Amino acid sequence: MKKSLIVIIVINLLTVTASFAQDTLQQKWHYNVEPYMMFPNMTGQTTVANLPEVGVDANVGDIFGHLKMGAMLYAEATNNNWSVTTDFIYMKLGESVVADRKLIEGGDATMKEYAWELAGFKRITPWLDGGIGFRLIDLDVALDIQTINENKSGSASKLWVDPIIILRSNHVIHNKWLIQLRGDVGGFGAGSDFTWQAQANIGYKFSKLFQTTIGYRYIGINYDKGEGVDRFLYDIDTYGAVVRFGFNF
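Residues numbered from 1 in each chain as written. Predicted model: local features only at pLDDT ≥ 70, side-chain atom pairs only at ≥ 80, totals over all residues. Heavy atoms only, no water.

## Here's the deal with the environment of Gly133
Turning to its location among the elements, Gly133 is positioned in strand S6 (residues 128–147). Gly133 sits twelve residues away from Phe121 along the chain, and the two C-alpha atoms are 8.8 Å apart. With residues near it in sequence (within four places) discarded, Gly133 still touches Leu118, Ala119, Asp162, Pro163 and Ile164. (Helix = DSSP H or I, 4+ residues; strand = E, 2+ residues; numbered from the N terminus. Contact = heavy atoms within 4.5 Å.)

Given below as structure tokens:
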């Protein structure tokens, strides 16, 4: 099933690439670059090796209080029929784990995450685009927890690629106001067991060059592979407000 899914995605990518290359020679392209900031909340569970599963429940204040470094950048090339997008996220943070009454009394989790998405879109209607792509995830997780019996620690790194299927709408009102809805699903066991994302953004073009956008983003990742000392679980939802600063040329 996994191999068949990957073959189907590769064939579709090749078909889209061929059509894309043909249109590239005939149409003018426009470009948008958007550095942005996300104000995230995180909830879910994680573990590494044979440590017990620990809960993560952090709000914006918790995360920014422990944020060690972060960088986010979105870029898009588009013409009348096609769009190519790339989205890069890097975050390194430390967070307290959630204590429970049965086993875990407390502890700390340190997570370093790289996420890079590359996608291609075809215009379906004047307001709707359909796309396919992939999202590369590189995660380092280190846990230092206190159980009712002893202290335990462990760390692990995982790198995987999730194929994704995307739909998005684009609306421009009076050449000034921008409205976009976007959703994707992916993983399907090829990388993560399942991943999904939803975004809603509204923006304003101050000039041909500059625009700003605010919105909300929700990303869910469920990755659970291996057993015993080889286990790596990352079942985390990340969600919150997003502020973007866009430059068009």
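The discussion continues.
## Quick word on the pattern of salt bridges
Where charged atoms from two side chains of opposite charge come close, those side chains can pair. What the rule picks out here adds up to 14 salt bridges. Of the charged contacts in the structure, one is a salt bridge between Arg244 and Glu34, with a shortest N-O distance of 3.4 Å. Linking Arg244 in strand S11 (residues 232–248) with Glu34 in strand S1 (residues 30–48), this pair joins segments that are 210 residues apart in sequence. According to the relative accessible area criterion, Arg244 is buried, its value standing at 5%. (Salt bridge = Lys/Arg side-chain N within 4 Å of Asp/Glu carboxyl O. Buried < 20%, exposed > 50% of the residue type's maximum accessible area, 1.4 Å probe, protein only.)

## Let's talk about unusual backbone geometry
Positive phi, normally seen in glycine, also occurs at Ala49, with a value near 55°. Tracing the chain through its elements places Ala49 in the loop between S1 and strand S2 (54–58). You will see that Asn175, though not glycine, has its phi angle at about 60°, which is positive. Inspection of the secondary structure puts Asn175 in the loop between strand S7 (151–173) and strand S8 (177–186).

## So, the packing of aromatic side chains
Tallying each qualifying case throughout the model produces twelve aromatic pairs. Seen in terms of ring centroids, Tyr31 and Phe249 are 5.6 Å apart; in terms of plane orientation they differ by 25°. Their pairing is stacked. Of this pair, Tyr31 sits in strand S1 while Phe249 sits in the segment after S11, placing them 218 residues apart in sequence. For Tyr31, a relative accessible area of 37% corresponds to the partly exposed category. With a centroid separation of 3.9 Å and an interplanar angle of 15°, the aromatic rings of Trp160 and Tyr223 are classed as stacked. With Trp160 in strand S7 and Tyr223 in strand S10 (residues 210–225), this pair connects stretches of sequence that are 63 residues apart. Against the face of Trp82 rests Lys122, its NZ or CZ located 5.6 Å from the ring centre. (Phe/Tyr/Trp six-rings, centres within 6.5 Å; stacked < 30°, edge-to-face > 60°. Lys NZ or Arg CZ within 6 Å of the ring centre and 35° of its normal.)

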